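# Descriptive analysis of the structure
The primary structure of each chain is shown beneath.
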Amino acid sequence: MTTNQGMEQLIPLVNKLQDAFAHTGSTLNIDLPQIAVVGGQSAGKSSVLENFVGKDFLPRGSGIVTRRPLVLQLITAKNGEWGEFLHCKGKKFTDFNEIRKEIEEETDRMTGSNKGISAIPINLRVHSPHVLNLTLVDLPGMTKVPVGDQPADIEQQIRDMIMQFVVKDNCLILAVSPANSDLANSDALKIAKEFDPQGIRTIGVITKLDLMDEGTDAKHILENKHLPLRRGYVGVVNRSQKDIDGNKDIKAALSAERRFFLSHPAYRHMADKLGTPYLQKILNQQLTNHIKETLPALRNKLQKQMMDMEKEVEEFKNFKPDDPSRKTKAMLQMIQGFNNSFEQLIEGTGASIDTLELSGGAKINRIFHERFPYELVKMEFDEQTLRKEISVVIQNIHAIRTGLFTPDTAFEEIVKSQIAKLKDPALKCVELVSTELMNVLRKCSDKMGRYPMLREETDRVVSTNVREKEAMTKEQVAKLIDFELSYINTNHDDFIGFANASQKGVDRGAKKKSVGNQVIRKGWLTMHNLSFIKGGSRDFWFTLSAEQFQWYKDEEEKDKKFLLSLDNIRLRDLEKGFMSSKYGFALFSTESRNVYKDYRQLELSAETQEEVDSWKASFLRAGVYPERSTEKNQDSTSGSSETSLDPQLERQVETIRNLVDSYMAIVSKTIRDLVPKIIMNIMIGQTKEFIATEVLAHLYSSGNGTDLMEESHEEAERRDTMLKMYHSLKEALKVMGDINMKTVQTNLPPPVDNSWIPEEPATNGTPAQSLYASQQSYNRQPSVRSSSPARRPPSRPQMGRMAPGPPPTQAPSLPPPIMPSNAAPPIPNRPMPGRAPPSIPRRPAPSQKPMIPQRPT
């Protein structure tokens, strides 16, 4: 089959790769060339493998026996026969009954003793002088009905297990089918047809030929005329259950198999291409050729895998787990990496920037400029309630007297009550930033997974510091509110003063108009004000400007759907619906009018709460404020509100109202500006400094630094596995490189005749002659012939050049399988396109009269 030692090393090379990858795990996902044996229960798969080895070593019984994949590696050995298991490395099994027992025990260890299955393979290597180098995977037989404690979906589980092997392009499929059942219903061929529709990787094996009904045979199947395969079929005869129970020797069974094919009239003409020895020879040849074909792609994949591992393996090459200097260096590297990650996520620097979601710094920025201003506006005063409070304060200050002037004390009391309301949203902003900061720190510490104790201690130290800074920040924010309450600065440059208070009331309504109708925001939102017939909701493209809110069919903004004026429009939150996962809000009019068609409110929603908060902040810029609790009950309280205000009191209320509006605008602007600065200085800035300068000292002071750098068990296993994989890949590439340089292979004929697949005109010769001539014409090597004496009569000329002559006078009592019959000699066919023309017949002997060949049809 092969012409040098290099090719003979191909199958052992793959065996070494299988052992290495099976021992280190399957994380490399290398598709190694192999042969998977598939078939139904009791199809004879195990018997075929035992015939290869010549020993009884596989479990037997009724029902499903093979319950785990068995990777069987057959290796030619000069002296002795023994077996080795990968899970019992170093132990030789010379008694094949012990091999069977070990397979059963190892299967039960993983699957239990009551017919369970597992996809974890058992690796067995058999050394023997009677085998050819071969690697096969014996898979569980396909079943229909669960037995014992098997799950109800046992058929699907077995199918999934088989699919893991046969779906790979580098896997040859050995489809085993019994001859005493209809081949069209073969489970093995069904699987092969599904995952190898072109039949390129499938080799058919027909078992139980001796058990077929009398008068029937599998001749057309073995000749590849019925359900043909590219690689053809090979027939074998296994031992019967009676032979197995009687401990019939496998060598005697192989001899009986040979006699069966030589004596059977339907198989004698192809006896040399049937039987277990021929099947083993064919599988060895085809697996070797298959490995040779897939070797370049396999080498490229191994090289890519090794290059991907180079950087990480370089760190592990001289790794000493218990070296104190290594642990100290590793701790410094971990803390430095933690510090760099924190700074990158907060400041947005570094080479790797997340493109899928917002980082910690971006989320904190949205809290400062979207969420916090919205919370401040929600806490601002309500017009009706404020006027009522001002009236009550003025009257209480005047008491029994009738005031002629507007009291300063009323202004201060009202302003202080409004400033105190800003404390809660300011403290809430601190809490939101603290929560996001903890998420950032947790994300940074994930990179310390190699050292769980270090990660846990670092989280504890840094989290404690963040909580301390959060308390300090809240204290400073509370002091900021107290500073505003302690002194009301009526000499501020932006304060209108008492003289301009009445005029301010006239200008207040035109404040928003000065902004202009500039576009503030664009984006997609889901509108829910649609009829049920139209789906109830739909996405539109919305644009928000300072004066109007409009939406279009898409972002091209050509098909305008509606335009909503923002005059007297307010915003309210919507509760999350039971059937919806989106977050929503609604726009409504304070004048109790419809805002869109027949709807009193426009209901909108977005995918995330952050997106909704961003839209709310944009509406604030457009002058659309959120609904307050007092507005919800405005209609019910309007009738009971006091309306008896004398003209003088009304003027005083209006003056105080304008003064409060002016001063609160100053205070709100200050709070919006200073609270983020306080948070950045204390919480974020000092936390960053703490991580960079003090974390390491706290870690050393908390306990033994050596204990903190103890690796996790998973990390130690991963490192060992990585090194083993790397060395396995390196050794595999070295062996593959040596084979590539030393191998010089000659072109040999294909192992199985594929020319039977297309239908061709039948010849006038016997079936044996037609079969053999077709094979030689396909191989185009007339010198390659079988060496069996039964297939080469002494008087037969070289195939392809048979001279026409008279038929024999009589047939022998037991003709050889390919002896010509008494019919006329074969007439050469018309040459097919691309094939060699028929040879010219040789001149007959002088004593015989030459026969004139008939004209070919």
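This structure is a prediction, so every number in the text was calculated from the model and none was measured.

## With respect to the side chain of Glu-106
Along the chain, Glu-106 falls in helix H4 (residues 96–111). Look at Glu-106 and you get buried, because its relative accessible area is 11%. Other than its neighbours up to four places away in sequence, Glu-106 contacts Arg-68, His-87 and Ile-122.

## Thoughts on the packing of aromatic side chains
Counted under the stated rule, the structure contains 20 aromatic pairs. Between Phe-411 and Phe-495, the aromatic rings sit 5.6 Å apart at their centres with planes inclined by 40 degrees, giving tilted as the arrangement. With Phe-411 in helix H14 (residues 408–420) and Phe-495 in the loop between helix H16 (452–486) and helix H17 (501–507), this residue pair connects regions lying 84 residues apart in the sequence. When its relative accessible area of 2% is taken as the criterion, Phe-411 is described as buried. Connected via pairs of aromatic rings, a cluster forms that spans Phe-542, Phe-549, Trp-551, Phe-562, Phe-585, Tyr-596, Tyr-599, Trp-615 and Phe-619. The cationic tip of Arg-572 hangs over the ring face of Phe-588; the distance from NZ or CZ to the ring centre is 3.9 Å.

## Quick look at the environment of Asn-489
The residue Asn-489 is located in the loop between H16 and H17 in this model. Linking Asn-489 and Tyr-663, residues 174 residues apart in sequence, is a C-alpha distance of 8.6 Å. Here Asn-491 takes part through its backbone nitrogen, which lies 3.1 Å from a polar atom of the side chain of Asn-489.

## A word on the pattern of salt bridges
This structure, assessed with the given rule, holds 23 salt bridges. Ionic pairing is found between Arg-371 and Glu-375, a salt bridge with its closest N-O pair at 3.7 Å. Linking Arg-371 with Glu-375, this pair stays in helix H12 (residues 360–379), spanning four residues, or about one helical turn. With a shortest N-O distance of 3.3 Å, Asp-559 and Lys-561 are connected by a salt bridge.

## Section: the sheet that holds strand S12 (residues 560–565)
Across the sheet, which stays open at both edges, the seven strands sit in the order S12-S11-S10-S9-S15-S14-S13 with antiparallel pairing between neighbours. In this open sheet, the two strands that pair with only one neighbour each are S12 and strand S13 (569–574). Adjacent strand axes in the sheet meet at a mean angle of 35 degrees when their direction is disregarded. Pairing between strand S14 (residues 583–589) and strand S15 (residues 601–606): six bridges, direction antiparallel. Opposite Gly-584, over in S15, you have Ser-605 as the bridge partner.

## Some details on the sheet that holds strand S1 (residues 34–38)
Read from one edge of the open sheet, eight strands run S3-S4-S2-S5-S1-S6-S7-S8, paired in mixed fashion. Since the sheet does not close on itself, it has two edges, and those belong to strand S3 (82–85) and strand S8 (233–235), each with one partner. Pairwise comparison of adjacent strand axes, ignoring direction, gives a mean angle of 25 degrees for this sheet. As paired elements, strand S6 (residues 171–178) and strand S7 (residues 202–207) share six bridges and run parallel to each other. Bridged to Ile-173 within S7 is Thr-202. Contacts from helix H5 (residues 154–166) reach S1, strand S5 (134–138) and S6, with the element oriented near 155 degrees to S1. Sheet contacts for helix H6 (residues 187–195): S1, S6, S7 and S8; angle to S6, the most-contacted strand, approximately 150 degrees.

## Describing the environment of Lys-447
Relative to the helices and strands, Lys-447 resides in the loop between helix H15 (423–445) and H16. Since its relative accessible area comes to 57%, Lys-447 is described here as exposed. When the C-alpha positions of Lys-447 and Gly-337 are compared, they lie 8.3 Å apart, and in sequence the two are 110 residues distant. Apart from residues lying up to four places away in sequence, Lys-447 is in contact with Met-334 and Ser-341.

## Comments concerning the packing of helix H11 (residues 324–347) against H15
Look at H11 against H15: their axes get within 9 Å of each other, and the N-to-C directions meet at 140 degrees. On the basis of the axis angle, H11 is oblique to H15. Crossing angle aside, the handedness with which H11 passes H15 is right-handed. Of the residues in H15, those touching H11 at Phe-338, Ser-341, Phe-342, Leu-345 and Ile-346 are Leu-437, Val-440, Leu-441, Lys-443, Cys-444 and Ser-445.

## As for the pairing of S7
Most of S7 is tucked away, with six of its six residues classed as buried. The side-chain alternation of S7 yields two buried faces, one formed by Thr-202, Gly-204 and Ile-206 and the other by Ile-203, Val-205 and Thr-207. For the crossover from S6 across H6 to S7, the handedness is right-handed. Strand direction decides the pairing type here: S7 and S8, joined by three bridges, are parallel.

## Quick look at the confidence of the model for the protein
Of all residues in the protein, 72% have pLDDT values of 70 or greater, and the mean over the chain is 75. Long-range and interchain partners of residues 1–6, a stretch whose pLDDT sits below 50, account for 15 contacts in this model, where long-range means more than four residues apart.

## Quick look at unusual backbone geometry
Despite not being glycine, Lys-208 has its phi angle at roughly 60 degrees, a positive value. Mapping Lys-208 onto the fold places it in the loop between S7 and helix H7 (219–222). Backbone geometry at Ser-592 places phi at a positive 55 degrees, although glycine is not the residue there. Mapped onto the elements of the fold, Ser-592 is located in the loop between S14 and S15. Here Ser-592 falls in the partly exposed class, since its relative accessible area comes to 44%.

## Topic: H11
One full turn of an α-helix is made of 3.6 residues, so residues set three or four places apart face in the same direction. Taking 1.5 Å of rise per residue, the 24 residues of H11 would be expected to cover 34 Å, and the 34 Å separating its terminal C-alpha atoms lies within 8% of that figure. Among the residues of H11, Arg-326, Lys-327, Ala-330, Met-331, Met-334, Ile-335, Phe-338, Asn-339, Ser-341, Phe-342, Leu-345 and Ile-346 are the ones counted as buried. Backbone geometry just after H11 places Gly-348 at a positive phi near 75 degrees.

Rules of the game
Numbering of residues begins from 1 in every chain and follows the order in which that chain's sequence is written. Per-residue local features of the predicted model are confined to residues with pLDDT of at least 70, and side-chain atom pairs are confined, for both listing and counting, to 80 or more; whole-chain, interface and lining totals are unaffected and use all residues. Hydrogens are left out, water is left out, and the side-chain values use all remaining heavy atoms of the structure. Numbered from the N terminus, helices here are DSSP runs of H or I no shorter than four residues, and strands are runs of E no shorter than two. Per-residue accessibility, obtained with a 1.4 Å probe over protein chains only, is compared with the maximum for each type, and a residue is labelled buried under 20%, exposed over 50%, and partly exposed between these values. Here, two residues are considered to be in contact whenever any of their heavy atoms come within 4.5 Å of each other. Two rings belonging to Phe, Tyr or Trp (six-membered ring only in the last case) form a pair when the distance between their centres is within 6.5 Å. Interplanar angles under 30 degrees mark stacking, angles over 60 mark edge-to-face geometry, and anything in between is tilted. Charge-over-ring contacts are defined here by two conditions on Lys NZ or Arg CZ: a distance within 6 Å of the ring centre and an angle within 35 degrees of the ring normal. For the purposes of these results, a polar contact is taken to be a pair of N or O atoms within 3.5 Å, where, inside protein, one atom must be able to donate a hydrogen and its partner to accept one; residues adjacent in sequence count only when each atom of the pair is a side-chain atom. The working definition used for a salt bridge is a side-chain nitrogen of Lys or Arg within 4 Å of a carboxyl oxygen of Asp or Glu. If DSSP finds at least two bridges between two strands, the strands pair. To get an axis, a line is fitted to the C-alpha atoms, and for a helix only the part in contact is used. The angle between two axes follows their N-to-C directions and goes from 0 to 180 degrees. Angle categories: roughly parallel below 35 degrees, roughly antiparallel above 145, roughly perpendicular from 65 to 115, and oblique for all the rest. By convention the crossing between two helices is left-handed if the near helix lies anticlockwise of the far one by an angle smaller than a right angle, and right-handed if it lies clockwise. Handedness of a crossover is defined as follows: orient the strands so they point away from the viewer, and if the path from the first strand over the helix to the second runs clockwise, the crossover is right-handed. Each residue carries a pLDDT score, the predictor's own confidence in it, on a scale running from 0 to 100. For a helix, the expected span equals 1.5 Å multiplied by the number of residues minus one.

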